[in-house]
Amino acid sequence: MSTSTPTGTRNAGASTQNGRGPVGRADHAGGGGSHRVSARKAFFREFLRNPTGMAAVAPSSRGLAKRMLEGLDFGTMSSVIEFGPGTGVFTEQIERSIPRGWLEIEGGKGKVVTIDLNPRMVEIVRANHPRLTVREGSAADVEAIARREGIEPGTVDAVISGLGFASFPPELITSVLEATHRVLKPGGVFRTFTYHVSFVKSQAYQFRSEARRVFGGFQSSRVVWLNVPPAFVYTCRKA
Ligand SMILES: C[S@@+](CC[C@H](N)C(=O)[O-])C[C@H]1O[C@@H](n2cnc3c(N)ncnc32)[C@H](O)[C@@H]1O
């Protein structure tokens, strides 16, 4: 398995398609059974391998996924990029929010590209979301990855991030925020989340200070108490 530490390492497009059925869907849908166990297990296994890269012991809740997409109208967009899908909780909510016929493969104008550094997470998301473009790579390389998918930097409508910024080294926080700003179109939206308990971490401070510098500020949502641990969402907009 290649590295999944939170670095700017570029290894996009190198993942495998395993041809297996859906993995972990029921988990995110709030159901039970072996799929639920397998998504949580896969997430926890990867956390044990690489706690800093995964930055959480378990996937986010459906409540947090809904808060992440609140107020975003995909019908008015043409390209959406997701960072750090993990087992795909936010990806599932993104796919539910897409209007029928919006995706390029359905004859529409829309494209969703989701990028994770961890090949096992890429495999899971790819198996569960065959209509979306799932790439292995670093969010820091989003411009090159987008370009390979026919999306020009400066034209992306929204970036939805599941990254654990509060576990990132400072230079990676800066490079991901700057690359995100460049890839978005004017008026484009960047959404990310942070755990309530991480608020006082130095990297969380660094994130807020860099978000102010790069985007000119951010808005915070109310806390989603039903996430474990409780979390809230930041929204930045490119001027
Ligand atoms: C905190 S988990 C969140 C997963 C999922 N979004 C959720 O909320 O359940 C962070 C994810 O980001 C991925 N990741 C870490 N560093 C990354 C990077 N530089 N670029 C892209 N993905 C990265 C990890 O592999 C992991 O899947």
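To be clear, the structure that these remarks concern was listed above.
Below or above, wherever it landed, is the structure these notes cover. For clarity, every value in this text was computed on a predicted model and none was experimentally measured.

**A short note on the packing of aromatic side chains**
Moving on, step 1. Taken as a whole and assessed by the stated rule, the structure comprises twelve aromatic pairs.
Moving on, step 2. On the basis of an interplanar angle of 20 degrees and a centroid distance of 6.2 Å, the ring pair of Phe44 and Phe47 is categorised as stacked. Of this pair, Phe44 and Phe47 both sit in helix 2 (residues 33–49), three residues apart, which is roughly one turn of that helix.
Moving on, step 3. On the basis of relative accessibility, which here comes to 39%, the residue Phe44 falls in the partly exposed class.

**Quick notes on the site of the ligand**
Moving on, step 1. Of all residues adjacent to the ligand, which total 24 residues, the nearest are Met54, Ser60, Gly84, Asp116 and Ala139.
Moving on, step 2. The contact in question runs from an oxygen atom of the ligand to an N or O atom on the backbone of Gly86, over 3.4 Å.
Moving on, step 3. The fraction of the free accessible surface of the ligand (600 Å²) that becomes covered by protein chains is 100%.
Moving on, step 4. Elements supplying a minimum of two residues to the shell around the ligand: helix 3 (51–54), helix 5 (89–97) and strand 2 (111–116).

**Some thoughts on the pattern of salt bridges**
Moving on, step 1. With the rule as written, the count across this model stands at 15 salt bridges.
Moving on, step 2. A salt bridge links Arg49 to Glu46, with the nearest nitrogen and oxygen atoms 3.1 Å apart. Residue Arg49 and its partner Glu46 are both found in helix 2; the two are separated by three residues, about one turn of the helix.
Moving on, step 3. In this structure Arg49 comes out as exposed when scored by relative accessible area, which is 53%.
Moving on, step 4. One salt bridge in this structure joins Arg135 and Glu149, with 2.7 Å as the shortest N-O distance. Remark: Glu149 occurs in the loop between helix 7 (142–148) and strand 4 (156–161) and Arg135 occurs in strand 3 (residues 133–136); sequence separation between them is 14 residues.

Each value, and the rule that gives it
Along each chain, the written sequence defines residue order, and numbers are assigned to residues from 1. The predicted nature of this model means local features are confined to residues of pLDDT at least 70 and side-chain atom pairs, given and counted, to a pLDDT of 80 or more, with totals for whole chains, interfaces and linings taken over all residues. With hydrogens and water excluded, all non-hydrogen atoms of the structure serve as input to the side-chain values. Working definition: rings of Phe, Tyr and Trp (its six-membered ring) pair if their centres are within 6.5 Å, and the pair is stacked with planes under 30 degrees apart, edge-to-face with planes over 60 apart, and tilted otherwise. Elements are defined by DSSP. Helices are runs of H or I of four residues or more, strands are runs of E of two residues or more, and each kind is numbered from the N terminus. Categorising residues by exposure relies on relative accessible area from a 1.4 Å probe, with only protein chains included: less than 20% of the type maximum marks a residue as buried, more than 50% marks it as exposed, and the intermediate range marks it as partly exposed. It suffices for a single heavy atom of a residue to lie within 4 Å of a molecule or strand for the residue to be listed as near it. In the analysis that follows, any N or O atom pair within 3.5 Å is treated as a polar contact, provided that within protein one partner can donate a hydrogen and the other can accept it, and provided that, for residues neighboring in sequence, both atoms belong to side chains. Here the open area of atoms and residues is found with the Shrake-Rupley method and a 1.4 Å probe, where only the protein chains shown may cover a residue. Note on definitions: salt bridges are taken to be side-chain nitrogens of Lys or Arg within 4 Å of carboxyl oxygens of Asp or Glu.

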